[in-house]
2 protein chains.
Amino acid sequence: MAERTKYILDEADMPARWYNVVPDLPEPPPPPLHPGTREPIGPDDLAPLFPQALIAQEVTTERYVDIPEEVLDVYRLWRPSPLFRARRLEKALGTPARIYYKYEGVSPVGSHKPNTAVPQAFYNAAEGVTRLTTETGAGQWGSALAFACATFGLECEVWQVRASYDQKPYRKLMMETFGATVHPSPSELTASGRVILAADPASTGSLGIAISEAVEQAAQAENTRYALGSVLNHVLLHQTIIGEEALKQFELAGDTPDVLVGCTGGGSNFGGLAFPFLREKLAGRMDPVIRAVEPAACPTLTRGKYAYDFGDTAGLTPLLKMHTLGHDFIPDPIHAGGLRYHGMSPLISHIYELGLIEALAIGQEDCFAAGVQFARTEGIIPAPEPTHALAACIQEALRCKETGEDKVILTALCGHAHLDLPAYGAYLAGNISDHELPEEALAQSLAGLP
Amino acid sequence: MAERTKYILDEADMPARWYNVVPDLPEPPPPPLHPGTREPIGPDDLAPLFPQALIAQEVTTERYVDIPEEVLDVYRLWRPSPLFRARRLEKALGTPARIYYKYEGVSPVGSHKPNTAVPQAFYNAAEGVTRLTTETGAGQWGSALAFACATFGLECEVWQVRASYDQKPYRKLMMETFGATVHPSPSELTASGRVILAADPASTGSLGIAISEAVEQAAQAENTRYALGSVLNHVLLHQTIIGEEALKQFELAGDTPDVLVGCTGGGSNFGGLAFPFLREKLAGRMDPVIRAVEPAACPTLTRGKYAYDFGDTAGLTPLLKMHTLGHDFIPDPIHAGGLRYHGMSPLISHIYELGLIEALAIGQEDCFAAGVQFARTEGIIPAPEPTHALAACIQEALRCKETGEDKVILTALCGHAHLDLPAYGAYLAGNISDHELPEEALAQSLAGLP
């Protein structure tokens, strides 16, 4: 009998509820504040941006939230996603470690993002919204929302960070194939964009700027709301289906992870995989080390300040208590556009402060080396974002080779690189280097935080 | 209980042998001929190009061929592939038909091509070959062979049709990420390429020319063999795992197809799905209509001549009895590069002549319209090639809507369009038209055939 390569759940075994980690934490996360009053915001403050159902999920203290049947029905187009045992990578590394990866690249757009795009589109459509605006970096999130909007008959308007819009034209074409409209950000279409362009007509943009543009548009237009692809509690909630499935798949495998690694930009992929395992850890049923990996060029957890800051550049959002490099810090245009955000999910920031997870930063050269090794052994070319998790996974597996430990490592492989191949082309041509952090600009940005 | 969206087989239920349709046919297909003697060729004639194991499979009269464990082990990286019920498309069409699609886009390179690339690389490596050459059109086959060569430690050198090399740069990057070397074809590297370039320095190439270059190189270089991605018997044999899986999945679904549609370029995807169903039909266990769909710009079955012709442009291959437009006919550069081949698999040509399958040709505008409708309902953006099958599938489903018949339609969705998005961009911008057949050139080419 051959050794198993992957663990697949039947549709009937797909989890039917999302997990909310908040009630299981030793203390609740600090609330978002109104930037004027510095008082905790209420549902009314968020109503111009989000439908009531999502506002309720953002602050819920319930441990589980049922997934609507209409959402499950769309999830079934690609879920449950597979859990793979990376036997070929293990062999190439010569490690006694057992490496597993939970692969979200099977979704219609090739990443984990539809897990939240679909419920967000569903809840908006159910409350009569007809149009969603959003930002996107590499384009994974914009593609996901474009797909979800096509599914529920909503219009979709996307501001894409100019650096990625230029670097990754295929993502724009994918969004348009699903019926969305795409603008490069900063754009002349919004006051927030015009301010940036006036100061720097050649601005390559940032997620913070693109968020300002999409939020501004949603607040002004009729029947229009805004959708965010990461950072917020309800987004991480929707992503927990990843970890819930992985737990069931580890049962099938008869194994238990000792180390869990995921990449962090806004935190949704990492939180989605990690939170259900954190529940098990807090309940004493397993004891994995949980490790967040961020790019050295945008090290929010390892170099940022834990402070109240805006989620966007123009200061249109509530203040969020999070690890941040400062809302006007613009990270270098690394290829992992999805990790290029000045802040970190408040929930993950809080959990990091509680000492429940670890963090480390890795430069992009090591990450692409890991990505190529993975592609040539496992056959999947990983998106630039999860190469960060893979680089950390390989580090751990090589430590196991030295010590002889047969640790079980679980990695979040949140997407493939079909639309990021020019980044691999640049790496293979020797045209990729680790961006140095602009220390002076960073110090200045951090000094501006409360 | 929710209605099922997809049917997944467990790894343990993956078929462990390929199916050879030849012994089940009422008469055997005509043999390939030596172009000099016009006598049937023997194994020695093929030895400079292929390893012994594949030559044996090319002419085997056994009904089944065991899949080596090393090949099964690689297949498990993505196989068994899912069979989907296209409920959302059915609803959008308002048809009583039940539409199923067998999806091969889950493979490492996003198409069905690794099903044969992997065994071809395996058998070559097992016989001491260290380097494979090949041609590729859109790049699906080249990517597949690059992946397979990485898996078995072989060098891989690819001649890519110039039109696709320029139109689809991401495919080249994917091949290079897997470690392959890629040349545009025609190239100055071979005598075959130099002849073409001398006559037309701006030649956009064709599969026929690229095959000449790869074959020439393999015949000359040491420890080097050639790999073909379609047309030949052993290639179609390897692809039958698609149909064998689909048969098992229809058992799970408790359904039986009335109509089976697949797109045909060289014929490997179509044959792979159709042959196991043809076995069932010939045995009287089911009676599906089996329909091949080809591009109107390259209509080998519907407009070609059934004659002995070369597989390549320079005339380096044996003569194959097949439906052909003539080996020097260069089809217009339609976006479905994988269907842009002057000939058709001899086995499928023979089966067509026996009246066991139907064929029709569709223009690319209708195909892209079908692709966009499919993307916006089912979430998968189909590669330009299978949009031909989808267009025919939608035609059939709409006929069912008129007649009220609840036919069961099975479509081969052989790949996704992540690396073909510029074609969708051109369609959405209104820049795609049906290419008219160059009737005069075609008549001249057909007149040159025996």
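Residues numbered from 1 in each chain as written. Chains lettered and ligands numbered in written order. Predicted model: local features only at pLDDT ≥ 70, side-chain atom pairs only at ≥ 80, totals over all residues. Heavy atoms only, no water.

Undergrad: Describe the nonpolar core, with residues and values.
TA: Core analysis: the biggest nonpolar cluster contains 102 residues, and Trp18(A), Tyr75(A), Trp18(B) and Tyr75(B) have the highest contact counts within it. Tyr75(A) has contacts with Met14(A), Trp18(A), Ile67(A), Pro114(A), Asn115(A), Val118(A), Pro119(A), His238(A) and Ile241(A), leaving out every residue within four places of it along the chain. (Core = buried A, V, L, I, M, F, W, Y, C linked by side-chain atoms within 4.5 Å. Buried < 20%, exposed > 50% of the residue type's maximum accessible area, 1.4 Å probe, protein only. Contact = heavy atoms within 4.5 Å.)

Undergrad: Lay out the pairing of strand β15 (residues 408-413) of chain A with the relevant residues and their values.
TA: All names here are of chain A. Counting buried positions over the six residues of β15 gives six, a clear majority of the element. Of the two faces of β15, the one carrying Val408, Leu410 and Ala412 and the one carrying Ile409, Thr411 and Leu413 are both buried. The pairing of strand β5 (residues 98-103) with β15 spans six bridges and is classified as parallel. Bridge pairing in β15 places Tyr100 opposite Leu410. (Helix = DSSP H or I, 4+ residues; strand = E, 2+ residues; numbered from the N terminus. Pairing = 2+ DSSP bridges.)

Undergrad: Requested: an account of the relation of the copies chain B and chain A, with residues and values cited.
TA: Copy one and copy two of the chain differ by a rotation about an axis and a translation along that axis. Between chain B and chain A, the superposition needs a rotation of 180 degrees and an axial shift of 0.0 Å, giving an RMSD of 0.0 Å. This pairing of chains is accounted for by a two-fold axis. Distance from the rotation axis, computed per C-alpha, reaches its smallest value in chain B at His418(B): 3.1 Å. A shared interface surface links the copies, since 100% of the contact residues of chain B are contact residues in chain A too. (Least-squares fit on C-alpha atoms with pLDDT ≥ 70 in both.)

Undergrad: Explain the UniProt feature "modified residue: N6-(pyridoxal phosphate)lysine" (unreviewed entry) in chain A to me, using residue names and the numbers behind them.
TA: Residues and elements named next belong to chain A. Listed under "modified residue: N6-(pyridoxal phosphate)lysine" (unreviewed entry) in the UniProt record, and renumbered for this structure, are Lys113. Counting through the fold element by element, Lys113 comes out in the loop between β5 and α5 (114-126). When its relative accessible area of 12% is taken as the criterion, Lys113 is described as buried. (UniProt positions renumbered as here; feature names shortened; annotations may be inferred.)

Undergrad: Give me the lowdown on the side chain of Gln120(A), citing residues and values where you can.
TA: By the secondary structure assignment, Gln120(A) is in helix α5. Setting aside residues up to four positions removed in sequence, Gln120(A) forms contacts with Leu54(A), Trp141(A), Ala227(A), Leu228(A), His234(A), Val235(A) and His238(A).

Undergrad: Describe the packing of helix α2 (residues 52-59) of chain B against helix α5 (residues 114-126) of chain B, with residues and values.
TA: Residues and elements named next belong to chain B. At a closest axis distance of 8 Å, the pairing of α2 and α5 adopts a crossing angle of 130 degrees. One finds that α2 runs oblique with respect to α5. Here α2 contributes Ala53, Leu54 and Gln57 to the contact with α5, which in turn contributes Gln120, Tyr123 and Asn124. When the residues that make up the contact of α2 with α5 are grouped by side-chain class, the tally is three nonpolar, three polar and no charged. (Axes fitted to C-alpha atoms, helices over the stretch in contact; angles between N-to-C directions. Parallel < 35°, antiparallel > 145°, perpendicular 65-115°, else oblique. Nonpolar A, V, L, I, M, F, W, Y, C, P; charged D, E, K, R; others polar.)

Undergrad: Which residues make up the interface of chain B and chain A, and what are the values?
TA: Taken together, the contact pairs 49 residues of chain B with 49 residues of chain A. Summing the contributions of chain B and of chain A, the shared interface buries around 4,100 Å²; its carbon and sulfur component is 59%. Taking the shortest distance from any N to any O, the salt bridge between Arg4(A) and Asp10(B) comes out at 3.4 Å. At the surface where chain B touches chain A, the tally comes to 19 residue pairs in polar contact (both at pLDDT 80 or more). Going through the elements one at a time, α3 (69-75), α6 (140-152), α8 (169-177), α15 (364-378) and α17 (421-428) of chain B are the ones with two or more residues in the side of chain B that touches chain A. No other element matches the six residues that α8(B) contributes to the side of chain B that touches chain A. Residue classes in the side of chain B that touches chain A are distributed as 25 nonpolar, nine polar and 15 charged. (Buried area = accessible area lost by both parts, 1.4 Å probe. Salt bridge = Lys/Arg side-chain N within 4 Å of Asp/Glu carboxyl O. Polar contact = N/O pair within 3.5 Å; in protein donor to acceptor, adjacent residues only side chain to side chain.)

Undergrad: Kindly report on the environment of Ile290(A), identifying the contributing residues and their values.
TA: Residue and element names in this part refer to chain A. With respect to the secondary-structure elements, Ile290 resides in strand β11 (residues 289-295). Taking relative accessible area as the criterion, Ile290 reaches 2% and is therefore assigned buried. Once the C-alpha coordinates of Ile290 and Thr60 are considered, the two residues, 230 residues apart in sequence, prove to be 24 Å apart.

Undergrad: Describe in detail helix α10 (residues 207-220) of chain B, supporting the description with residues and values.
TA: Residues and elements named next belong to chain B. When the terminal C-alpha atoms of α10 are compared, their 20 Å separation across 14 residues agrees well with the 20 Å that a helix rising 1.5 Å per residue should span. Those residues of α10 that fall on the buried side of the exposure criterion are Leu207, Gly208, Ile209, Ala210, Ile211, Ser212, Glu213, Ala214, Val215, Glu216, Gln217 and Ala218. For α10, the elements touching its buried residues are β6 (131-136), β7 (155-161), β8 (181-185), α9 (191-199) and β9 (224-226). (Expected span 1.5 Å × (residues − 1).)

Undergrad: Give me the lowdown on the packing of aromatic side chains, citing residues and values where you can.
TA: Following the criterion strictly, the structure yields 31 aromatic pairs over all chains and no others. Ring centres of Tyr19(A) and Tyr64(A) lie 5.6 Å apart, and the angle between their planes is 45 degrees; this geometry places the pair in the tilted category. One end of the pair, Tyr19(A), is in strand β2 (residues 17-19); the other, Tyr64(A), is in strand β3 (residues 64-66), and 45 residues separate them in sequence. With a relative accessible area of 27%, Tyr64(A) lands in the partly exposed category. Ring centres 5.2 Å apart and planes at 85 degrees place the aromatic pair Phe368(B) and Tyr424(B) in the edge-to-face group. Highlighted residues: Phe368(B) in helix α15 and Tyr424(B) in helix α17, separated in sequence by 56 residues. Residue classification places Phe368(B) among the buried positions, given a relative accessible area of 2%. Each residue in the set Tyr7(A), Tyr100(A), Phe250(A) and Phe277(A) is aromatic and connected to the rest through ring pairs, giving one cluster. Positioned above the aromatic ring of Tyr100(B), the side-chain terminus of Arg85(B) is 5.7 Å from the ring centre. (Phe/Tyr/Trp six-rings, centres within 6.5 Å; stacked < 30°, edge-to-face > 60°. Lys NZ or Arg CZ within 6 Å of the ring centre and 35° of its normal.)

Undergrad: Kindly report on the sheet that holds strand β11 (residues 289-295) of chain B, identifying the contributing residues and their values.
TA: All names here are of chain B. Across the sheet, seven strands lie side by side as β1-β4-β5-β15-β10-β11-β14; this open sheet has mixed pairing. The sheet terminates laterally at β1 (6-7) and β14 (358-362), the two strands that pair on one side only. Pairing of β11 with β14 involves five bridges; the strand directions are parallel. Bridge pairing in β14 places Val293 opposite Leu360. Packed on one face of the sheet, helix α11 (residues 233-253) meets β1, β4 (83-85), β5 (98-103) and β15 (408-413) and runs near 140 degrees to β5.

Undergrad: Can you tell me about the sheet that holds β8(B), naming the residues and giving the values?
TA: Residues and elements named next belong to chain B. Spatially, β8-β7-β6-β9 is the arrangement adopted by the four strands of the open sheet, whose pairing is parallel. For this open sheet the edge positions go to β8 and β9, each flanked by a neighbour on one side alone. Going from strand to strand, the sheet's axes swing by 25 degrees on average, the running direction of each strand aside. Packed on one face of the sheet, α6 meets β6 and β7 and runs near 165 degrees to β6.

Undergrad: Could you give me a rundown of the state of the cysteines, with the residues and numbers involved?
TA: Residues and elements named next belong to chain B. Inspection of the entire model under this criterion finds zero disulfides over all chains. Cysteine Cys149 is unpaired, with the sulfur of Cys156 as its nearest cysteine sulfur at 4.1 Å. The buried category is assigned to Cys149, whose relative accessible area is 1%. (Disulfide = S-S within 2.5 Å.)

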